[in-house]
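# Coordinates in review
Chain residues, written in single-letter form:
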Amino acid sequence: MTDNLENTKKRALKILGNRNFSEAEMIKRLTSKGESLEDAEETAAWLVELGYISDENYASLIVEHYSSKGYGITRVKDELYKRGVPRELWDSALFALDDESVSEAVSRFLTKKLRGSRDEDDVRKARDALVRRGFSYEDAKMAINLYLESV
């Protein structure tokens with residue numbers, strides 16, 4: 001093992017201490033720190049082999065985190081893409097999405113956003129905010145209607 005590869009592995013372990021990464025993110029992070037692409041790829045593969053990096057587990061964490069914050073499936077997919085999670089892992093991670101927890105998160109979001117207001121302008125802004133958060137227009141409209149029925 002070369003000194004460069006050894007240093008790359010040490011750097012990767014230090015980086016991993018801060019948060020979870022996908023394999024692609026780790027490679028990108030290491031190369032941005034000046035490591036060679038070859039050493040970065042070998043180090044990322046080593047971390048996968050050791051179990052320190054798991055794209056499958058990382059995908060599940062991303063889905064859980066963003067759905068619990070009230071983000072829609074489009075936003076969750078954007079995050080998976082942005083973080084370099086392979087597409088073949090998306091479906092299994094998204095399958096675990098709990099509709100009830102997403103509904104609760106959306107309800108909390110609307111409660112905070114509307115604060116009981118039924119004003120058309122406020123409702124439109126809240127609906128548009130849901131669309132920006134990754135929900136389809138129809139899903140956002142349905143969530144608004146459910147919220148308005150409950151207040």
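Provided above is the structure to which this section pertains.
Residues numbered from 1 in each chain as written. Predicted model: local features only at pLDDT ≥ 70, side-chain atom pairs only at ≥ 80, totals over all residues. Heavy atoms only, no water.

## Structural notes on the overall build of the protein
Helices and strands together make up the secondary structure of the protein, namely nine helices and zero strands. Listed by position from the N terminus, the elements making up the protein come as α-α-α-α-α-α-α-α-α. Against the compact-globule benchmark of 15 Å for 151 residues, the protein has a radius of gyration of 20 Å, which places it well outside the compact range. Dimensions of the protein along its principal axes, counting C-alpha atoms only, are 65 × 25 × 20 Å. Split into buried and exposed, the 151 residues of the protein put 38% on the buried side. By sequence separation, contacts in the protein at least 24 residues apart represent 56% of the contacts at least 6 residues apart. (Helix = DSSP H or I, 4+ residues; strand = E, 2+ residues; numbered from the N terminus. Rg over C-alpha atoms; globule rule 2.2 N^0.38 Å. Buried < 20%, exposed > 50% of the residue type's maximum accessible area, 1.4 Å probe, protein only. Contact = heavy atoms within 4.5 Å.)

## Focus on the nonpolar core
Of all hydrophobic cores here, the largest spans 15 residues; its most connected members are V106, L110, L130 and I144. Residues within four places of L110 in sequence aside, it is in contact with R115, A126, L130, A143, I144 and Y147. Ranked by size, the runner-up nonpolar core spans 13 residues in total, among them A59, Y66, V76 and L89. (Core = buried A, V, L, I, M, F, W, Y, C linked by side-chain atoms within 4.5 Å.)

## Remarks on helix α5 (residues 73-82)
For α5, the full list of buried residues reads V76, E79 and L80. Projected down its long axis, α5 shows its buried positions confined to an angular sector of 100°, all on one face. Across α5 from its buried face, at more than 90 degrees, point the exposed residues Y81 and K82. Close packing links the buried residues of α5 with α4 (55-68) and α6 (90-95). (Arc of directions from axis to C-beta.)

## Some words on the pattern of salt bridges
What the rule picks out here adds up to nine salt bridges. Taking the shortest distance from any N to any O, the salt bridge between R19 and E25 comes out at 3.3 Å. Judged by relative accessible area, which is 36%, R19 ranks as partly exposed. Its relative accessible area of 13% is what places E25 among the buried residues. Connected through salt bridges with shared partners, the residues D121, R124, K125, R127 and D128 form a single ionic network. (Salt bridge = Lys/Arg side-chain N within 4 Å of Asp/Glu carboxyl O.)

## A few points about the side chain of S117
Counting through the fold element by element, S117 comes out in the loop between α7 (99-114) and α8 (120-132). A relative accessible area of 17% means that S117 is categorised as buried. Engagement of the side chain of S117 in a polar contact is seen with the backbone nitrogen of D119, the distance being 3.2 Å. Once residues within four sequence positions are removed from consideration, S117 is found in contact with D122, V123 and L148. (Polar contact = N/O pair within 3.5 Å; in protein donor to acceptor, adjacent residues only side chain to side chain.)

## So, unusual backbone geometry
Working note: non-glycine residues mostly have negative phi, and peptide bonds are mostly trans. A positive phi angle is found at R115, which is not glycine, with a value near 50°. For R115, the position within the fold is in the loop between α7 and α8.

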